[in-house]
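Structural description and commentary
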Amino acid sequence: MPRQVLEDTLTADSIAADSALAASGDASAFERLYRTHVARVHTLVRRMLDADEADDVTQDVFIRAWQKLSTFRGESAFGTWLHRLAVNVVLARRKNVGIERGRFINAEAPLEGVTSKPVTPELSMDFEEALASLPEGARQVFVLHDVEGYRHEEIARMLGVVPGTSKSQLHHARMALRRHLER
Amino acid sequence: MNDQWTNRLSEYIDGELDRSERAVLEAHLATCGQCYATLGELRQVVARAKSLEDTPPTTDLWTGIARAIRSEQTPARRDRLVRRRFSLTVGQLLAASIALVLLSGGSAWFALQSSQSPEPTRIGGSTQRPRVGQVVTWTGHTDAAIADLQTALAQNEKRLDTATVRIVREALAIIDRAIADARIALQKDPGNAYLNLHLADTMRRKVELLRRVNDMAAARS
């Protein structure tokens with residue numbers, strides 16, 4: 001067996017083992033899962049919401065994961081299950097803080113502001129910073145589609161919009177971000 | 001640059017235009033340098049998004065999480081979880097512990113794989129120093145014990161529920177793969193102390209698992 005394949009297999013076995021142990025109440029196993037996945041979850045949360053919310057929401061994701069572990073049946077990888085849970089927590093947070101649907105749909109106006117900035121100052125902005133400066137609707141669609149690989153139909157369902165809105169937001173986000181490509 | 005076309009560039013990149021729309025847009029791109037340049041930039045944005053890296057939080061969040069889950073981990077919850085898990089997936093927990101052992105063993109194996117072992121191998125209380133090219137021969141007694149236990153399991157497993165049997169078989173398959181890998185590695189490096197111990201430990205775990213499952217089946221008879 002090639003070394004990398006064996007390493008991947010052992011890592012997957014370890015995560016599956018830890019998820020089974022954590023579901024039985026083993027907090028040490030759950031801490032190992034946290035250490036393995038926290039960077040991915042925190043980055044997703046930070047990109048989807050404001051950076052100053054990321055720590056609290058990340059903690060919330062893992063606490064909910066602990067509460068829901070008994071429902072994890074192992075049909076998908078633990079990382080996939082956790083990631084989907086994180087997206088759901090983020091979207092619930094978005095709803096709870098009153099980011100209403102109307103603002104999502106009407107997010108083109110602030111996007112115009114982003115895209116119309118002069119070129120030179122924009123180039124000095126880091127791509128991640130530029131992503132963070134996008135209006136929330138466009139930012140979330142961009143992250144879900146281009147970074148996380150969800151399809152427009154899935155995004156539309158998650159966000160409660162039509163796929164056409166998701167496509168439009170994605171295009172506007174890309175148009176804004178093209179000015180921030182590191183050259 | 002025409003908005004009619006630029007607004008379709010993302011759909012073009014994502015392959016969401018039908019054949020006729022695609023043909024019309026490509027004809028436009030052949031004549032419009034600005035749209036062509038924008039297309040290139042949008043493709044770079046898509047590529048950049050895929051290359052973004054994850055970064056951990058600057059502070060360790062585990063303390064707060066641990067505090068929260070500890071407050072939830074009342075004895076009642078623990079008992080409920082353990083009882084439910086044991087009633088449904090005894091074998092899964094066995095597999096879990098085995099997989100963790102194999103992981104630690106496998107990692108050490110990688111670390112040692114390139115090095116020869118100058119140290120003698122201690123197996124079953126005695127010290128041996130296998131020679132290069134020597135085939136592992138010390139496993140005979142364990143092989144026999146495993147064969148006996150597997151025969152017993154074949155007769156006993158009908159007393160176990162299907163899910164447990166399946167999980168036990170999966171766990172045994174994992175162990176057998178690890179044993180096979182260790183034997184192959186030992187053919188190349190018979191003197192490697194770690195590999196000998198790893199094989200012995202893995203076989204011991206197989207014996208333990210078979211004994212435990214047989215005991216479990218016997219308890220249900």
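Residues numbered from 1 in each chain as written. Chains lettered and ligands numbered in written order. Predicted model: local features only at pLDDT ≥ 70, side-chain atom pairs only at ≥ 80, totals over all residues.

**Looking at the overall build of chain B**
- What chain B contains, in helices and strands, is 9 helices and 2 strands.
- In chain B, the succession of helices and strands from N to C terminus is α-α-α-α-α-α-β-β-α-α-α.
- For chain B, the proportion of contacts with a sequence separation of at least 24, taken over those separated by at least 6, is 77%. (Helix = DSSP H or I, 4+ residues; strand = E, 2+ residues; numbered from the N terminus. Contact = placed C-beta atoms within 7 Å.)

**Digging into the overall build of chain A**
- The helix and strand tally for chain A stands at 11 helices and 0 strands.
- Across chain A, helices and strands are ordered from the amino to the carboxyl terminus as α-α-α-α-α-α-α-α-α-α-α.
- A buried classification covers 43% of the 183 residues belonging to chain A.
- The long-range fraction of contacts in chain A, counting pairs at least 24 apart against all pairs at least 6 apart in sequence, stands at 66%. (Buried ≥ 20, exposed ≤ 12 C-beta atoms within 10 Å, placed from the backbone.)

**As for the packing of helix H3 (residues 54–68) of chain A against helix H5 (residues 62–72) of chain B**
- In contact at an axis separation of 10 Å, H3(A) and H5(B) are set at 35 degrees when each is read in the N-to-C sense. In terms of crossing hand, the pair formed by H3(A) and H5(B) is right-handed. Together, A:Gln59, A:Phe62, A:Ile63 and A:Trp66 of H3(A) and B:Gly64, B:Ile65, B:Ala68 and B:Ile69 of H5(B) make up the contact between the two elements.
- Of the residues that constitute the contact of H3(A) with H5(B), the class distribution is 6 nonpolar, 2 polar and no charged. (Axes fitted to C-alpha atoms, helices over the stretch in contact; angles between N-to-C directions. Left-handed = near helix turned anticlockwise from the far one by under 90°. Nonpolar A, V, L, I, M, F, W, Y, C, P; charged D, E, K, R; others polar.)

**Observations concerning the nonpolar core**
- Formed by 52 residues in total, the largest nonpolar core has its most connected members in A:Val45, A:Val61, A:Ala86, A:Val90, A:Phe142 and A:Ala173.
- Setting aside residues no more than four positions away along its own chain, A:Ala86 makes contact with A:Val41, A:Leu44, A:Val45 and A:Val61.
- In this structure, B:Leu172, B:Leu186, B:Leu195 and B:Val213 belong to the second largest nonpolar core, which totals 16 residues. (Core = buried A, V, L, I, M, F, W, Y, C linked by C-beta atoms within 7 Å.)

**As for the packing of helix H2 (residues 27–48) of chain A against helix H4 (residues 78–96) of chain A**
Residues and elements named next belong to chain A.
- Interaxial distance between H2 and H4 falls to 10 Å at its minimum, and their mutual angle equals 35 degrees. Viewed along their axes, H2 and H4 form a crossing whose handedness is right-handed. Taken together, the residues of H4 that come into contact with H2 (itself represented by Leu33, His37, Arg40, Val41, Leu44, Val45 and Met48) are Phe78, Gly79, Leu82, His83, Ala86 and Val90.
- Residues belonging to the contact of H2 with H4 are distributed by class as follows: 9 nonpolar, 3 polar and 1 charged.

**Things to note about helix H9 (residues 136–147) of chain A**
All names here are of chain A.
- Burial analysis of H9 places 10 of its 12 residues in the buried class, the great majority of the element.
- Gly137, Ala138, Arg139, Gln140, Val141, Phe142, Val143, Leu144, His145 and Asp146 are the residues of H9 that are buried.
- Of the residues trailing H9, Gly149 is marked for its positive phi of about 85 degrees.

**Some words on the environment of A:Thr43**
- Among the secondary structure elements, A:Thr43 is positioned in helix H2.
- For the pair A:Thr43 and A:Thr58, spaced 15 residues apart in sequence, the C-alpha to C-alpha distance is 9.1 Å.

**A word on the confidence of the model for chain B**
Residue and element names in this part refer to chain B.
- Of the residues in chain B, 67% reach a pLDDT of 70 or more, and the chain-wide mean stands at 74.
- Contacts from residues 78–90, a stretch scored under 50 in pLDDT, to residues over four places away or in other chains number 13 contacts.
- Contacts from residues 110–134, a stretch scored under 50 in pLDDT, to residues over four places away or in other chains number 33 contacts.
- For this predicted complex, the interface score ipTM comes out at 0.79, while the overall pTM is 0.60. (pLDDT = per-residue confidence, 0-100.)

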